[in-house]
Amino acid sequence: MPFANRRIVPMLCAALLFLAGIAVGSVLTRHVSAINKFGQPRTVVHVVAYKFRDATSLNDQEQAIAGIKDNGRENSGIKNIWLKTERNQLRDFSGVYVLEFISPKPLPITRKSLIHDAWRKKWEQLRENSLSFQVSN
């Protein structure tokens with residue numbers, strides 16, 4: 001009988017530990033952000049699909065995209081920027097970028113707007129075409 005008790009006690013301890021892990025795990029997953037949360041943010045998303053001119057060098061393309069990031073860094077109204085095109089169904093277009101603004105209200109004209117205007121003039125020389133969309137709730 002003592003031999004049987006030596007086997008049963010560790011097995012019971014292991015089973016209790018296993019059940020305790022399940023209980024703790026189920027309680028913690030209720031508060032984890034991995035649970036699907038649906039929301040409608042108040043931000044504005046500006047999506048631009050663009051096509052560079054055939055004569056635009058790779059260096060000029062990289063500088064133009066870097067200019068988008070620089071504008072975002074200078075503009076406190078921009079919350080997030082996406083610059084890498086993962087998938088583009090517009091076959092003739094070079095890429096897509098997205099800006100997320102914190103508010104639909106227009107920003108006041110400042111020196112930062114002048115930086116944007118200089119970038120925009122250069123951008124318009126480099127691109128052949130673009131489509132832009134703004135989405136909000």
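Look a little higher up for the structure.
Residues numbered from 1 in each chain as written. Predicted model: local features only at pLDDT ≥ 70, side-chain atom pairs only at ≥ 80, totals over all residues. Heavy atoms only, no water.

A. Focus on the side chain of Glu-100. With respect to the element layout, Glu-100 can be found in strand S3 (residues 95–101). Buried within the structure, Glu-100 lacks any salt-bridge partner; Lys-79 is the closest side chain of opposite charge, at an N-O distance of 4.4 Å. A polar atom in the side chain of Glu-100 sits 2.8 Å from the side chain of Thr-43. Polar side-chain contacts of Glu-100 include one of 2.7 Å to the side chain of Asn-80. (Helix = DSSP H or I, 4+ residues; strand = E, 2+ residues; numbered from the N terminus. Buried < 20%, exposed > 50% of the residue type's maximum accessible area, 1.4 Å probe, protein only. Lys, Arg positive; Asp, Glu negative; His and termini not counted. Salt bridge = Lys/Arg side-chain N within 4 Å of Asp/Glu carboxyl O. Polar contact = N/O pair within 3.5 Å; in protein donor to acceptor, adjacent residues only side chain to side chain.)

B. Highlighting a nonpolar patch on the surface. Side chains of Leu-90, Leu-131, Phe-133 and Val-135 sit close together on the surface and give an oily, nonpolar patch of about 330 Å² of accessible area. Along the chain, Leu-131 falls in strand S4 (residues 127–135). Leu-131 gets classed as partly exposed once you look at its relative accessible area, which sits at 33%. (Patch = residues over 30% accessible without salt bridge, like charges linked within 9 Å, V, L, I, M, F, W, Y side chains within 5 Å. Areas by Shrake-Rupley, 256 points an atom, 1.4 Å probe, with all protein chains shown as cover.)

C. Representation of helix H2 (residues 58–74) within the structure. With 17 residues, H2 extends 24 Å from end C-alpha to end C-alpha; this agrees with the ideal 24 Å at 1.5 Å per step. Those residues of H2 lying buried are Ala-64, Ile-65, Gly-67, Ile-68, Asn-71 and Gly-72. Across the axial projection of H2, the buried residues extend over an arc of 140 degrees, all falling on one side. Seen from the buried face of H2, the exposed residues on the opposite side, beyond 90 degrees, are Leu-58 and Arg-73. (Expected span 1.5 Å × (residues − 1). Arc of directions from axis to C-beta.)

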